[in-house]
Amino acid sequence: EFIFRDKVSEIEFEILYKELSILSKELKTKSEYEETIPAPVRLEWLMALLFAKQYGHKFVKPSMRLNSDGTPKSFAGAGKADIIFEDFKHMYILEATMISSSKQQENSETTSVSAHLKKCSVNGKFNGALLVAPKIHNRVAEYYQFVFIKDKSFMVLVSIKLFSLIVKENKTIDSFTENFKD
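All figures in this text were calculated on a predicted structure; none of them were measured in a lab.

Definitions and limits used
Residues numbered from 1 in each chain as written. Predicted model: local features only at pLDDT ≥ 70, side-chain atom pairs only at ≥ 80, totals over all residues. Heavy atoms only, no water. Helix = DSSP H or I, 4+ residues; strand = E, 2+ residues; numbered from the N terminus. Rg over C-alpha atoms; globule rule 2.2 N^0.38 Å. Contact = heavy atoms within 4.5 Å. Buried < 20%, exposed > 50% of the residue type's maximum accessible area, 1.4 Å probe, protein only. Pairing = 2+ DSSP bridges.

Undergrad: Would you mind showing me how to read the overall build of the protein here?
TA: Across its full length, the protein holds eight helices and seven strands. The C-alpha atoms of the protein give 15 Å as radius of gyration, which agrees with the globular expectation for 182 residues (16 Å, within 12%). In terms of its C-alpha atoms, the protein occupies a principal-axis envelope of roughly 45 × 35 × 30 Å. A fraction of 69% describes how many contacts in the protein between residues 6 or more apart in sequence connect residues 24 or more apart.

Here you go:
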(Lines give C-alpha, C1' and ligand atoms only; values in the text may rest on other atoms or scores of the structure.)
Protein backbone atom coordinates (compact mmCIF):
# COMPACT_ATOMS: atom_id res chain seq x y z
CA GLU A 1 0.00 0.00 0.00
CA PHE A 2 2.83 2.41 0.86
CA ILE A 3 4.71 1.57 -2.34
CA PHE A 4 1.58 2.23 -4.40
CA ARG A 5 0.90 5.52 -2.59
CA ASP A 6 4.48 6.67 -3.20
CA LYS A 7 4.25 5.84 -6.90
CA VAL A 8 0.96 7.77 -7.19
CA SER A 9 2.61 10.80 -5.57
CA GLU A 10 5.70 10.56 -7.77
CA ILE A 11 4.16 10.09 -11.23
CA GLU A 12 2.47 12.94 -13.11
CA PHE A 13 -1.12 12.67 -14.36
CA GLU A 14 -0.13 13.66 -17.90
CA ILE A 15 2.45 10.84 -18.05
CA LEU A 16 -0.25 8.32 -17.09
CA TYR A 17 -2.66 9.77 -19.65
CA LYS A 18 0.07 9.63 -22.33
CA GLU A 19 0.95 6.02 -21.49
CA LEU A 20 -2.72 4.98 -21.71
CA SER A 21 -2.97 6.82 -25.05
CA ILE A 22 -0.04 4.71 -26.29
CA LEU A 23 -1.77 1.49 -25.17
CA SER A 24 -4.99 2.56 -26.90
CA LYS A 25 -2.94 3.09 -30.08
CA GLU A 26 -4.18 6.69 -30.21
CA LEU A 27 -0.62 7.92 -29.76
CA LYS A 28 1.97 6.42 -32.07
CA THR A 29 5.08 6.58 -29.92
CA LYS A 30 7.06 4.18 -27.77
CA SER A 31 6.11 3.69 -24.14
CA GLU A 32 8.66 4.45 -21.45
CA TYR A 33 7.72 1.08 -19.88
CA GLU A 34 7.39 -1.00 -23.07
CA GLU A 35 10.65 -2.90 -22.58
CA THR A 36 10.06 -3.86 -18.96
CA ILE A 37 6.29 -4.21 -18.42
CA PRO A 38 4.08 -6.28 -20.77
CA ALA A 39 1.06 -4.39 -22.15
CA PRO A 40 -1.65 -6.29 -20.17
CA VAL A 41 0.11 -5.69 -16.84
CA ARG A 42 0.92 -2.11 -17.82
CA LEU A 43 -2.76 -1.38 -18.59
CA GLU A 44 -3.88 -2.61 -15.16
CA TRP A 45 -1.10 -0.68 -13.41
CA LEU A 46 -1.67 2.57 -15.33
CA MET A 47 -5.43 2.43 -14.74
CA ALA A 48 -4.91 2.02 -10.99
CA LEU A 49 -2.42 4.90 -10.91
CA LEU A 50 -4.62 7.20 -13.01
CA PHE A 51 -7.70 6.50 -10.88
CA ALA A 52 -5.69 6.98 -7.67
CA LYS A 53 -4.09 10.18 -8.95
CA GLN A 54 -7.48 11.68 -9.82
CA TYR A 55 -9.71 10.34 -7.03
CA GLY A 56 -7.39 9.60 -4.11
CA HIS A 57 -4.86 6.84 -3.49
CA LYS A 58 -6.43 5.84 -0.17
CA PHE A 59 -9.55 4.65 -2.01
CA VAL A 60 -7.80 2.60 -4.73
CA LYS A 61 -6.74 -0.99 -4.03
CA PRO A 62 -4.94 -2.66 -6.93
CA SER A 63 -4.67 -6.45 -6.60
CA MET A 64 -1.38 -6.63 -8.50
CA ARG A 65 1.95 -7.22 -6.80
CA LEU A 66 4.46 -4.37 -6.99
CA ASN A 67 8.24 -4.17 -6.97
CA SER A 68 9.94 -1.87 -4.44
CA ASP A 69 10.07 0.91 -7.09
CA GLY A 70 6.27 0.80 -7.56
CA THR A 71 6.32 -0.98 -10.92
CA PRO A 72 4.21 -4.13 -11.24
CA LYS A 73 5.58 -7.67 -10.82
CA SER A 74 2.41 -9.29 -12.17
CA PHE A 75 -1.28 -8.75 -12.67
CA ALA A 76 -3.99 -9.45 -10.14
CA GLY A 77 -4.28 -13.11 -9.21
CA ALA A 78 -6.96 -15.36 -10.65
CA GLY A 79 -10.34 -14.90 -9.04
CA LYS A 80 -9.55 -11.37 -7.81
CA ALA A 81 -10.84 -8.07 -9.14
CA ASP A 82 -8.00 -6.14 -10.82
CA ILE A 83 -8.65 -2.84 -9.05
CA ILE A 84 -11.18 -1.87 -6.40
CA PHE A 85 -12.11 1.73 -5.70
CA GLU A 86 -14.14 2.32 -2.57
CA ASP A 87 -14.91 5.56 -0.82
CA PHE A 88 -17.84 6.57 1.40
CA LYS A 89 -20.46 6.57 -1.40
CA HIS A 90 -19.02 4.47 -4.24
CA MET A 91 -17.57 1.05 -4.90
CA TYR A 92 -16.12 0.32 -8.34
CA ILE A 93 -14.42 -2.71 -9.77
CA LEU A 94 -12.07 -1.86 -12.61
CA GLU A 95 -11.06 -4.72 -14.86
CA ALA A 96 -8.33 -4.28 -17.46
CA THR A 97 -7.74 -6.44 -20.51
CA MET A 98 -5.69 -6.16 -23.66
CA ILE A 99 -7.77 -8.93 -25.24
CA SER A 100 -9.18 -7.63 -28.49
CA SER A 101 -10.62 -10.82 -29.99
CA SER A 102 -14.40 -10.94 -29.55
CA LYS A 103 -14.44 -14.67 -28.66
CA GLN A 104 -11.64 -14.37 -26.11
CA GLN A 105 -13.20 -11.26 -24.60
CA GLU A 106 -16.55 -13.03 -24.38
CA ASN A 107 -15.03 -16.14 -22.77
CA SER A 108 -12.65 -14.37 -20.40
CA GLU A 109 -14.23 -11.06 -19.43
CA THR A 110 -17.96 -11.54 -18.97
CA THR A 111 -18.95 -13.86 -16.13
CA SER A 112 -15.78 -13.12 -14.13
CA VAL A 113 -16.50 -9.38 -14.02
CA SER A 114 -20.12 -9.87 -12.94
CA ALA A 115 -18.97 -12.40 -10.30
CA HIS A 116 -16.40 -9.89 -8.95
CA LEU A 117 -19.10 -7.22 -8.76
CA LYS A 118 -21.52 -9.48 -6.87
CA LYS A 119 -18.75 -10.54 -4.47
CA CYS A 120 -17.57 -6.97 -3.78
CA SER A 121 -20.86 -5.03 -3.82
CA VAL A 122 -21.58 -2.96 -0.73
CA ASN A 123 -25.10 -2.06 0.39
CA GLY A 124 -25.82 1.65 0.61
CA LYS A 125 -23.21 2.60 -1.99
CA PHE A 126 -23.24 3.03 -5.73
CA ASN A 127 -21.74 -0.23 -7.02
CA GLY A 128 -20.35 -0.50 -10.53
CA ALA A 129 -17.92 -2.39 -12.71
CA LEU A 130 -15.94 -1.17 -15.69
CA LEU A 131 -14.21 -3.39 -18.19
CA VAL A 132 -11.53 -1.43 -20.02
CA ALA A 133 -10.22 -2.91 -23.28
CA PRO A 134 -8.65 -1.71 -26.53
CA LYS A 135 -11.86 -2.52 -28.42
CA ILE A 136 -15.38 -3.35 -27.25
CA HIS A 137 -17.38 -6.03 -29.06
CA ASN A 138 -21.16 -6.11 -29.47
CA ARG A 139 -21.65 -9.60 -28.02
CA VAL A 140 -19.75 -8.67 -24.86
CA ALA A 141 -21.71 -5.41 -24.58
CA GLU A 142 -24.95 -7.39 -24.95
CA TYR A 143 -23.92 -9.66 -22.07
CA TYR A 144 -23.24 -6.63 -19.87
CA GLN A 145 -26.66 -5.17 -20.80
CA PHE A 146 -28.31 -8.52 -19.96
CA VAL A 147 -26.64 -8.63 -16.52
CA PHE A 148 -27.57 -5.00 -15.90
CA ILE A 149 -31.26 -5.78 -16.55
CA LYS A 150 -31.30 -9.18 -14.82
CA ASP A 151 -29.27 -8.40 -11.70
CA LYS A 152 -29.55 -4.60 -11.61
CA SER A 153 -25.74 -4.64 -11.66
CA PHE A 154 -24.20 -1.53 -13.15
CA MET A 155 -21.59 -2.86 -15.59
CA VAL A 156 -20.11 -0.87 -18.46
CA LEU A 157 -17.48 -1.58 -21.10
CA VAL A 158 -15.25 1.24 -22.26
CA SER A 159 -12.27 1.56 -24.52
CA ILE A 160 -8.92 2.55 -23.03
CA LYS A 161 -9.22 5.89 -24.81
CA LEU A 162 -12.70 6.63 -23.40
CA PHE A 163 -11.75 5.51 -19.88
CA SER A 164 -8.74 7.86 -19.87
CA LEU A 165 -10.77 10.74 -21.25
CA ILE A 166 -13.62 10.32 -18.73
CA VAL A 167 -11.17 10.21 -15.82
CA LYS A 168 -9.29 13.24 -17.17
CA GLU A 169 -12.45 15.30 -17.67
CA ASN A 170 -14.11 14.40 -14.35
CA LYS A 171 -12.14 15.80 -11.43
CA THR A 172 -14.34 14.22 -8.75
CA ILE A 173 -15.63 10.70 -8.31
CA ASP A 174 -19.18 12.11 -8.16
CA SER A 175 -18.86 13.66 -11.63
CA PHE A 176 -17.18 10.47 -12.88
CA THR A 177 -20.16 8.48 -11.56
CA GLU A 178 -22.66 10.76 -13.28
CA ASN A 179 -20.72 10.42 -16.54
CA PHE A 180 -20.49 6.66 -16.00
CA LYS A 181 -24.29 6.42 -15.54
CA ASP A 182 -24.84 8.40 -18.75
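Undergrad: I would appreciate a short explanation of the pairing of strand E5 (residues 90–96) in the present structure.
TA: Within a regular beta strand, the side chains point alternately toward one face of the sheet and then the other, so they alternate between its two faces. Burial runs high along E5: seven of the seven residues are buried. Taking every second residue as pointing to the same face, both faces of E5 are buried, with His90, Tyr92, Leu94 and Ala96 on one and Met91, Ile93 and Glu95 on the other. As consecutive antiparallel partners, strand E4 (residues 83–86) and E5 are separated by three residues. Note: E5 against strand E6 (residues 126–133), seven bridges, orientation parallel. Bridge pairing in E6 links Ala96 to Val132.

Undergrad: Please explain unusual backbone geometry as it appears in this structure.
TA: Note on backbone geometry: most residues besides glycine have negative phi, and most peptide bonds are trans. The phi dihedral of Lys25 falls on the positive side, at around 70°, and the residue is not glycine. As for its placement among the helices and strands, Lys25 is situated in the loop between helix H2 (13–23) and helix H3 (39–55). Lys25 gets classed as exposed once you look at its relative accessible area, which sits at 59%.

Undergrad: Honestly, the side chain of His116 in this entry has me stumped. Any pointers?
TA: Along the chain, the position of His116 falls in helix H5 (residues 111–120). If sequence neighbours within four positions are ignored, His116 has contacts with Gly79, Lys80, Ala81, Ile93 and Glu95.

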